[in-house]
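Letter by letter, the chains look like this.
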Amino acid sequence: MPNRRLYKNFDIYLFLVTLALSIYGLLVIYSATRVMGLEDPLLFVKRQAIWLGAGLAGIILISLIDYANFSSWARYIYFINIALLVAVLALGRGDNVKRWIDLGFVDIQPSEYAKFALILLLARLLSEKEGQLGKRFSASIPALIYTAVLMVLIFLQPDLGTAMVIVAILLGLLFVAGINLKYLFYMLVSGVAVFPVLWKFLADYQKNRLMIFLNPEMDPLGDGYQLMQSIIAVGSGSIWGKGLFEGTQVRLNYLPAQHTDFIFAVLGEELGFVGAMGLLLLFFLLIYRILWIGSQSKDIFGSLFCSGVAIMFSFHVLVNIGMTIGIMPVTGLPLPFISYGGNSLLINFLAIGLVLNIGMRRQKIQF
């Protein structure tokens, strides 16, 4: 049990912003699912609320453990996740897409937990290389290898969106850790150079999504239907929106995946520009508090972990909202705390829990 004085450093602002985003998400999920003709119109809300409760319990549990232990456990957590990613390829549910392991009472999506595991391990590895990354490229090689293994396993599912998040976390943390920008530039150029090779391994639906991004009107009644309906929904919301629960795209079921990846389109149609700006303000506060806690951390590991979490949330928000309004390709990334999805919500809460933990232990307790 931690000393009660630690809780004086508990960042109540970050906690309240996280809770506000989650409640905002429950409200929009209800609006997006109540017209599905389910026997229980609150079914998705109740399921999401259960995961929210598990996330809150996770925050409490993580706050009881000194975050230095997570640094020590980083490699074990990483290899457990590798085992799960291999298992999902062999035993996963689905034929062409294997992302979930069915445990009977719940589905586990290892790629969601991979982000947390990678941030932990990179924070550990890069903190150990403090002062070396700017001088020699070899100092970054372990981080590159661990990330590449994770990314390949996720890419094989296939899950292009999460693989992109993994790359963003790596590059962002290398930058924060002080890598020579010349090395970072070489990595970016290498990534662009191998894209034609990766293209051959993309599934047909992934190639179509990228082509639709370049030309949204290429197939408006087929592969481009989802994007076109999303753009119509957001645009029709105008300044104030059509009103909560009054979205026509939702009620007429014109918008596929409206409670998951495209939930921002529901929010944009019903609450308009004002509602969307309110959501973005909450995300801004969330990321600001995470970075502030990172800047106050007593060690490099804590700072890097907070930076990694901020990068992960920023990338998710940028890509998810970008794809609903047509300025980013459709990649299937959820909107943190808002989209329906238990594994995503739980791992987001666990990440916030460890950030809060770092904030609580940012200074030695004086007796």
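First, a word on scope: everything that follows refers to the structure included in this document.

Reading the values: the criteria
- Residues numbered from 1 in each chain as written.
- Predicted model: local features only at pLDDT ≥ 70, side-chain atom pairs only at ≥ 80, totals over all residues.
- Heavy atoms only, no water.
- Helix = DSSP H or I, 4+ residues; strand = E, 2+ residues; numbered from the N terminus.
- Rg over C-alpha atoms; globule rule 2.2 N^0.38 Å.
- Buried < 20%, exposed > 50% of the residue type's maximum accessible area, 1.4 Å probe, protein only.
- Areas by Shrake-Rupley, 256 points an atom, 1.4 Å probe, with all protein chains shown as cover.
- Lys, Arg positive; Asp, Glu negative; His and termini not counted.
- Charge placed at Lys NZ, Arg CZ, Asp CG, Glu CD.
- Core = buried A, V, L, I, M, F, W, Y, C linked by side-chain atoms within 4.5 Å.
- Contact = heavy atoms within 4.5 Å.
- Expected span 1.5 Å × (residues − 1).
- Arc of directions from axis to C-beta.
- Salt bridge = Lys/Arg side-chain N within 4 Å of Asp/Glu carboxyl O.
- Patch = residues over 30% accessible without salt bridge, like charges linked within 9 Å, V, L, I, M, F, W, Y side chains within 5 Å.
- Polar contact = N/O pair within 3.5 Å; in protein donor to acceptor, adjacent residues only side chain to side chain.
- Axes fitted to C-alpha atoms, helices over the stretch in contact; angles between N-to-C directions.
- Left-handed = near helix turned anticlockwise from the far one by under 90°.
- Nonpolar A, V, L, I, M, F, W, Y, C, P; charged D, E, K, R; others polar.

Section: the overall build of the protein chain
Across its full length, the protein chain carries 13 helices and 2 strands. Relative to a compact globule of 367 residues, whose C-alpha radius of gyration would be 21 Å, the protein chain shows 21 Å and is just as compact. Its C-alpha atoms put the protein chain at 60 × 50 × 40 Å along the principal axes. Buried positions account for 50% of the 367 residues belonging to the protein chain. Element-wise, carbon and sulfur atoms account for 67% of the exposed surface of the protein chain, whose accessible area totals about 16,800 Å². Charge-centre separation for the protein chain: the mean point of 26 positive side chains lies 13 Å from the mean point of 20 negative side chains.

Here's the deal with the nonpolar core
The biggest cluster of nonpolar side chains holds 96 residues, and the ones touching the most others in it are Leu286, Ile290 and Phe305. Beyond its immediate chain neighbours, meaning those up to four positions away, Phe305 contacts Phe116, Ile119, Leu120, Ala123, Ala351, Leu354, Val355 and Ile358.

Describing helix α2 (residues 43-63)
Look at α2: 31 Å from first C-alpha to last across 21 residues, which is about the 30 Å you get at 1.5 Å a residue. Considered for burial, the residues of α2 that qualify are Phe44, Val45, Gln48, Trp51, Leu52, Gly55, Gly58, Ile59, Ile62 and Ser63. Burial along α2 is one-sided: seen end-on, the buried residues are contained in an arc of 130 degrees. Exposed and facing more than 90 degrees away from the buried side of α2 are Ile50, Ile60 and Leu61.

Some thoughts on unusual backbone geometry
In the segment running from Gln157 into Pro158, the intervening peptide bond is cis, with an omega of -5 degrees. For Ser238, which is not a glycine, the phi torsion comes out positive at approximately 50 degrees. Summarising the element assignment, Ser238 is placed in the loop between α9 (225-236) and α10 (248-251). In this structure, Phe245 is a non-glycine residue whose phi angle is positive, near 70 degrees. Considering the arrangement of structural elements, one finds Phe245 in the loop between α9 and α10.

Brief notes about the pattern of salt bridges
Applying the stated criterion across every chain yields a total of 5 salt bridges. A salt bridge links Glu112 to Lys115; its shortest N-O distance comes to 2.8 Å. You can see Glu112 and its partner Lys115 sitting in helix α4 (residues 110-128), 3 residues apart, about one turn around the helix. Here Glu112 and Lys115 have matching classes, each one buried. Glu128 is the salt-bridge partner of Arg124, the closest N and O atoms lying 2.5 Å from each other. Taken together, the residues span about one helical turn, with Arg124 and Glu128 both in helix α4 at a distance of 4 residues.

Observations regarding a nonpolar patch on the surface
A cluster of nonpolar side chains, namely Ile239, Trp240, Phe273, Val274, Met277 and Leu280, defines an oily patch on the protein surface of about 590 Å² accessible area. Looking at the secondary structure, you find Phe273 in helix α11 (residues 263-296).

Topic: the environment of Ser31
Relative to the elements of secondary structure, Ser31 occurs in helix α1 (residues 12-33). Owing to a relative accessible area of 1%, Ser31 belongs among the buried residues under this scheme. As a C-alpha pair, Ser31 and Leu267 span 236 residues in sequence and 8.9 Å in three-dimensional space. If we skip the residues at most four places from it in the chain, Ser31 touches Phe245, Val250, Val266 and Glu270. In this structure the side chain of Ser31 is engaged in a polar contact, spanning 2.6 Å, whose partner is the side chain of Glu270.

Regarding the packing of α4 against helix α12 (residues 300-324)
For the pair α4 and α12, interaxial distance at closest approach is 8 Å and the crossing angle is 140 degrees. Crossing hand, α4 versus α12: right-handed. From α4, Lys115, Phe116, Ile119, Leu120, Ala123, Arg124, Leu126 and Ser127 reach across to α12, where they touch Ile300, Phe301, Leu304, Phe305, Gly308, Val309, Met312 and His316. In the contact of α4 with α12, the residues fall into 11 nonpolar, 3 polar and 2 charged.

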